[in-house]
Amino acid sequence: MKLFLVRHPEPDVEKGFCYGKLDVPIVSSWHQDAVYLSQWLERRRLPKIQSFHSPLSRASKLALSVNPNSKPIGELAELDFGLWEGQNWSTISREEIDEWGADLQFSAPYKGESLEDLRLRVMPKVNALIDDADSDIVLYTHSGVIKVIVSVLCQWPVSECHRINIGYSSVTQLTINGDRDNRYISLDLLGAGDWVGLAVE
């Protein structure tokens, strides 16, 4: 089966704005991203596909535009930045940011979720979707969620997942073979999002 991880379109917020669990608007050009993404998926000629999305509007708008039958899953929401939500990164104390950076997987000086909390929230649901799948799957979600999913499925350290760069409206694709106890997973695309190039073959 194929697992497609799609990041939401670019938010319409000021530069440096900290958002995670916070719902924010997206730029008006997101409709074009939806067109390109739909075309790209159609050219894959997938016989059957299931679609799920984060309940946050920046992901759900794209998902429902591409597939009106997409279903919301709360576990696919972005990392909760707690007290940092809605602040500008430049106004957050250097001491708190350094504390977070010293242990990205387990620390959460912002009193929200750590990356480990995110892993524990997301991966049981993702594994269940994979185990129960009788088709390919598309998940419309967020950068932090995608980084954790890719790291866990590819057996990379979650503590280093910040090194993965996932662009807006991009697609990450994995191929999953075997069952849960004997899976073989390959990473086919990571953050592909040059839609102008991808839309023309």
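Here, the structure is the one placed above.
Residues numbered from 1 in each chain as written. Predicted model: local features only at pLDDT ≥ 70, side-chain atom pairs only at ≥ 80, totals over all residues. Heavy atoms only, no water.

**So, the overall build of the protein chain**
Helix and strand counts for the protein chain stand at six helices and six strands. Listing every helix and strand of the protein chain by position from the N terminus yields β-α-β-α-β-α-α-β-α-β-β-α. Based on the C-alpha atoms only, the size of the protein chain along its principal axes is roughly 50 × 45 × 25 Å. Expressed as a percentage of its 201 residues, the buried residues of the protein chain come to 49%. Taking all contacts inside the protein chain whose residues are at least 6 apart in sequence as the whole, residues at least 24 apart take part in 67%. Just so you have it, the protein chain exposes about 10000 Å², and 49% of that area is on carbon and sulfur atoms. Computing the positive centroid from 20 side-chain charges and the negative centroid from 28, the protein chain places the two 4 Å apart. (Helix = DSSP H or I, 4+ residues; strand = E, 2+ residues; numbered from the N terminus. Buried < 20%, exposed > 50% of the residue type's maximum accessible area, 1.4 Å probe, protein only. Contact = heavy atoms within 4.5 Å. Areas by Shrake-Rupley, 256 points an atom, 1.4 Å probe, with all protein chains shown as cover. Lys, Arg positive; Asp, Glu negative; His and termini not counted. Charge placed at Lys NZ, Arg CZ, Asp CG, Glu CD.)

**What to know about the nonpolar core**
Judged by nonpolar contacts, the single largest core of 37 residues is most densely connected at L3, L5, W84, L139, I149 and L153. Elements represented by at least two residues in this core include exactly β1 (2–7), α3 (94–102), α4 (115–132), β4 (136–141), α5 (143–153) and β5 (171–177). For this core, the element with the highest residue contribution is α4, accounting for seven residues. For L139, the contacting residues outside a window of four places in its chain are L3, F4, L5, V6, F52, L76, V126, L129 and I149. In terms of nonpolar packing, the next biggest core, distinct from the first, is built from 13 residues, V6, L41, L62 and A63 among them. (Core = buried A, V, L, I, M, F, W, Y, C linked by side-chain atoms within 4.5 Å.)

**Description of the packing of α4 against α5**
Taken N-terminus to C-terminus, the directions of α4 and α5 make an angle of 70°; their axes are 9 Å apart at the nearest point. By the angle class used here, α4 and α5 are roughly perpendicular. Along this stretch, α4 crosses α5, giving a crossing that reads as right-handed. Where α4 abuts α5, its residues L115, L118, R119, V122, M123, V126, N127 and I130 lie against G144, V145, V148, I149, V152 and L153. Class assignment for the residues of the contact of α4 with α5 results in 11 nonpolar, two polar and one charged. (Axes fitted to C-alpha atoms, helices over the stretch in contact; angles between N-to-C directions. Parallel < 35°, antiparallel > 145°, perpendicular 65-115°, else oblique. Left-handed = near helix turned anticlockwise from the far one by under 90°. Nonpolar A, V, L, I, M, F, W, Y, C, P; charged D, E, K, R; others polar.)

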